[in-house]
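Geometric and topological summary
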Amino acid sequence: MLNRTRINQTYTWLVIAVGSAVVASCAYSLPVKQLNWRFVLLALATVIIGARVSIQIPRVKAHISVSDTFIFLTLLLFGGEAAVLVAAAEALCSSLRISRRVETYFFNSAVMAVATFLTFTSLRLSFGQPLTDQGNYSVDFVVVLCMMAVVQYATNSLLIATNSALKAGEPIWSTWRKNFLWTSFTYLAGASAAGFITRMIGSVGSFAFIATLPIIAIVYFTYWTYMKNVEAAAAQAEQARRHVEELNRHIAEQERMSKALQETQEHFRNAFDYAAIGMALVSIQGSWLRVNRSLCEILGYSERELLRSNFQAITHAEDVRNDLANLYRLLQDETPTCQVEKRYMHRGGEIVWALNSISLVRDAQDNPAHFIFQIQDISERKRAEAALHSLSLVDELTGLYNRRGFLAVAEQHLAAIPRTDKVPLILYADLDGLKTINDSLGHLEGDRALVKTAEIFKETFRNSDIVARLGGDEFVVLAALGPQETPESLMARLQEKLNANNTLRSRPYDLSVSIGVAQLDSENERSIEELLVRADKAMYTNKRRKRSRDVLRAEFGKVARIEAVA
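Residues numbered from 1 in each chain as written. Predicted model: local features only at pLDDT ≥ 70, side-chain atom pairs only at ≥ 80, totals over all residues. Heavy atoms only, no water.

Some words on the overall build of the protein
Basically, it comes down to this: A run of H or I in DSSP counts as a helix once it spans at least four residues, and a run of E counts as a strand once it spans at least two, with each numbered from the N terminus. Methods summary: accessible areas were calculated by the Shrake-Rupley approach with a probe of 1.4 Å, and residue burial reflects only the protein chains presented.
A tally of helices and strands in the protein yields 18 helices and 11 strands. For the protein, the accessible surface area stands at approximately 30,600 Å², while carbon and sulfur atoms represent 56% of it.

A word on the pattern of salt bridges
When the charged atoms of two side chains with opposite charge come close together, those side chains can pair. Put simply, the rule is: The salt bridge criterion pairs a side-chain nitrogen of Lys or Arg with a carboxyl oxygen of Asp or Glu, the two atoms within 4 Å. The buried label applies to any residue whose accessible area, calculated with a 1.4 Å probe on protein chains only, is under 20% of its type's maximum; exposed applies above 50%, and partly exposed to all values in between.
Taken as a whole, this structure holds 25 salt bridges when the rule is applied. Between Arg249 and Glu246 there is a salt bridge; the shortest N-O distance is 2.5 Å. With a gap of three residues between them, Arg249 and Glu246 both fall in helix α9 (residues 212-273), about one helical turn apart. Here Glu246 falls in the partly exposed class, since its relative accessible area comes to 45%. A salt bridge links Asp323 to Lys342, with the nearest nitrogen and oxygen atoms 2.4 Å apart.

Quick notes on the sheet that holds strand β10 (residues 474-481)
Sheet strands line up and pair through hydrogen bonds in the backbone, either parallel or antiparallel. As a reminder of what qualifies: Two strands form a pair only when DSSP identifies at least two bridges running between them. To define axes, lines are fitted to C-alpha atoms, for helices over the stretch in contact only, and angles between the resulting N-to-C directions are given on a 0 to 180 degree scale.
Taking strand neighbours across the sheet as the criterion, the four strands line up as β9-β10-β8-β11 in an open arrangement whose pairing is antiparallel. Each edge of the sheet is formed by a strand with only one pairing partner; in this case those strands are β9 (466-471) and β11 (513-519). Recorded for the sheet is a direction-independent mean angle of 20° between the axes of neighbouring strands. For β9 and β10, the ladder comprises five bridges, and the chain directions are antiparallel. Following the sheet pairing, Gly471 is matched in β10 by Glu474.

Some points on unusual backbone geometry
With a phi angle near 60°, Asp333 is a residue other than glycine that sits in the positive phi range. By the element assignment, Asp333 lies in the loop between α12 (320-331) and β5 (337-345). On the basis of relative accessible area, Asp333 is assigned to the exposed category, the value being 55%. The phi dihedral of Arg505 is positive, around 55°, even though this residue is not glycine. When you line up the elements, Arg505 lands in the loop between α17 (487-502) and β11. Residue class for Arg505 comes out partly exposed when judged on its relative accessible area of 43%.

What about the environment of Phe106?
In this fold, Phe106 is placed in helix α5 (residues 102-127). Here the alpha-carbon distance between Phe106 and Thr12, two residues 94 residues apart in the chain, equals 9.1 Å.

A closer look at the environment of Thr198
Among the secondary structure elements, Thr198 is positioned in helix α8 (residues 184-204). Residues Thr198 and Phe72, spaced 126 residues apart in sequence, show a C-alpha to C-alpha distance of 9.8 Å.

A few points about the pairing of strand β6 (residues 351-362)
Sheet analysis places β5 next to β6, joined by nine bridges and oriented antiparallel. Paired with Thr337 across the two strands is Ser359, which belongs to β6. A loop of five residues connects β5 with β6, the two strands running antiparallel in sequence, and Gly349 in this loop sits at a positive phi of about 105°. As paired strands, β6 and strand β7 (residues 368-377) are joined by nine bridges and run antiparallel to one another. Looking at β7, one finds that Ser357 is bridged to Gln374. Following β6, the chain reverses through five residues before pairing antiparallel with β7; Asp366 in that reversal takes a positive phi of roughly 65°.

Quick look at helix α3 (residues 67-78)
Going by this rule: A helix's residues, less one, multiplied by 1.5 Å, set its expected span.
The end-to-end C-alpha separation of α3 is 16 Å, in line with the 16 Å expected for 12 residues at 1.5 Å each. Listing the buried residues of α3 in full gives Ser67, Asp68, Thr69, Phe70, Ile71, Phe72, Leu73, Thr74, Leu75, Leu76 and Phe78. Of the residues flanking the end of α3, it is Gly79, one or two places downstream, whose phi is positive at about 100°.

As for the confidence of the model for the protein
Inclusion rule: Each residue carries a pLDDT score, the predictor's own confidence in it, on a scale running from 0 to 100. Contacts are assigned to residue pairs with any non-hydrogen atoms lying within 4.5 Å of each other.
Mean pLDDT for the protein: 81, with 84% of residues reaching 70 or above. Scored below 50 in pLDDT, residues 548-566 makes 59 contacts in the model with residues more than four places away or belonging to other chains.

Structural notes on helix α15 (residues 434-441)
We count it as follows: The arc refers to the directions leading from the helix axis to the C-beta atoms.
Inspection of α15 places Leu434, Ile437 and Asn438 among the buried residues, and these make up the whole buried set. Buried residues of α15, seen end-on, are gathered within an arc of 95° and therefore sit on one face of the element. Exposed and facing more than 90 degrees away from the buried side of α15 are Lys435 and Asp439. For α15, the elements touching its buried residues are β8 (423-431) and α16 (443-460). Gly442 sits one or two residues past α15 and shows a positive phi near 100°.

Topic: the sheet that holds β5
Here five strands make up an open sheet; going across it, the order is β4-β3-β7-β6-β5 and the pairing antiparallel. Looking at strand neighbours, the two that pair on one side only are β4 (288-291) and β5, the edges of this open sheet. This sheet shows a mean twist of 30° between the axes of neighbouring strands, independent of strand direction. The pairing of strand β3 (residues 278-282) with β4 spans three bridges and is classified as antiparallel. Within β4, the position partnered with Val282 by the bridge is Trp288. Packed on one face of the sheet, α12 meets β5, β6 and β7 and runs near 155° to β5.

Right, here's the structure in full:
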């Protein structure tokens, strides 16, 4: 860029230097004696009128003026030196109007001086002096006019085209052909007008000089109309070029987008088909539109079987309503995505727990197109959670609820019992003599005593009653007393089960429990914790009132007794 600018500046100042030398030479050799008022009038007309009447060349920062006619006329009437000086002065005045750069003023003036100098030099070498002695419209005179127009046009346009090409970094020939080739018209018209006026002056005298004004006006407006047409055609061509470029960019962008779409579709297809989790496209109505292999493996169905069905058909009956509600929320734009744990029914009949992630895809008109289901099998996790939950709520030794499990379910059960016209009752029991059994027979036998006691409790009470081992040797039962039942009847039933088991003589000791009960007071509602405290106190009262005795029978024949306190 810097090198091109330096070359252009060098060229510009070289032209200015040559033009200055030409002007100086012509001013020195100017035949002043041959000049008269007609020259002064013609020079003023050239500088004043010609400098103000110009037309811009489309797409190039250059102008063409009708002063060429005046310059040609000066050359024919007063010689080349005078024409050079008039041309230089006219170009300088024209530049003052179209530019603000001093360098441009001198360059344009130098170009006109050099072009006019080469023109009259070529004519002088070819035809001698004076040029007007070639006969009225003789062949030689016509050749003079044509040669004058062609040399002036070629030199002027070539010098300016070179300057424009160096600025734009384009080939000189291309710039000249595109922007200056058709400007030859103005030079030929100007030369013809100058020749016609010259002959008129020779025939009718100096008054014919007045005829130059309408002739020049006609030439100017004719060329102005031509240039407007050229400018309009150039604008249309430019618009067509931009349209073609825009169309090419659009086609290229469409091709790029098409390629990107194909790549995206291929990536989606690979990600869909080979995903480690189940994936599916589901219609708005719920039909499977497309499924991958992982989903078929999770549910046990083949791809063909799933595509003939819908997701509702293989969803657990209790989860269908929740699924449809979530899909409705997606359709209503209440949420962008939905993630829920749900149950599917495997082809083999077992339940498959899945983490279902759903998103809605809309078409170009923003209408719902289909759903994307991402289905992750979480059955193993659910089984592990269930096992952990069971371990946290169930006593590992007896299989009964532990304290945590009892409290988790008892509160809700306690609130539900009154609705069945039954009375809630807490039975708190303590296995007598467990420490003696552990110390005498070992902890393994103590565990057997606890397990057997738990079995007797489960046999004694209903399945709807909640039986738990709170820890150590303490058991608790949340029972529901019917209209014909009393706490004493429950304790008697438990005593019968214990006696029946003790009569089997399968152990070197009898099982015996101390019991306390607490009944719900409907007039003064109590929580499950309060009932446990009341029942515990009643149990310890019962335990203190029982006679002290050793759980191990001296002769292993003594039968355990229960003395319960309500």
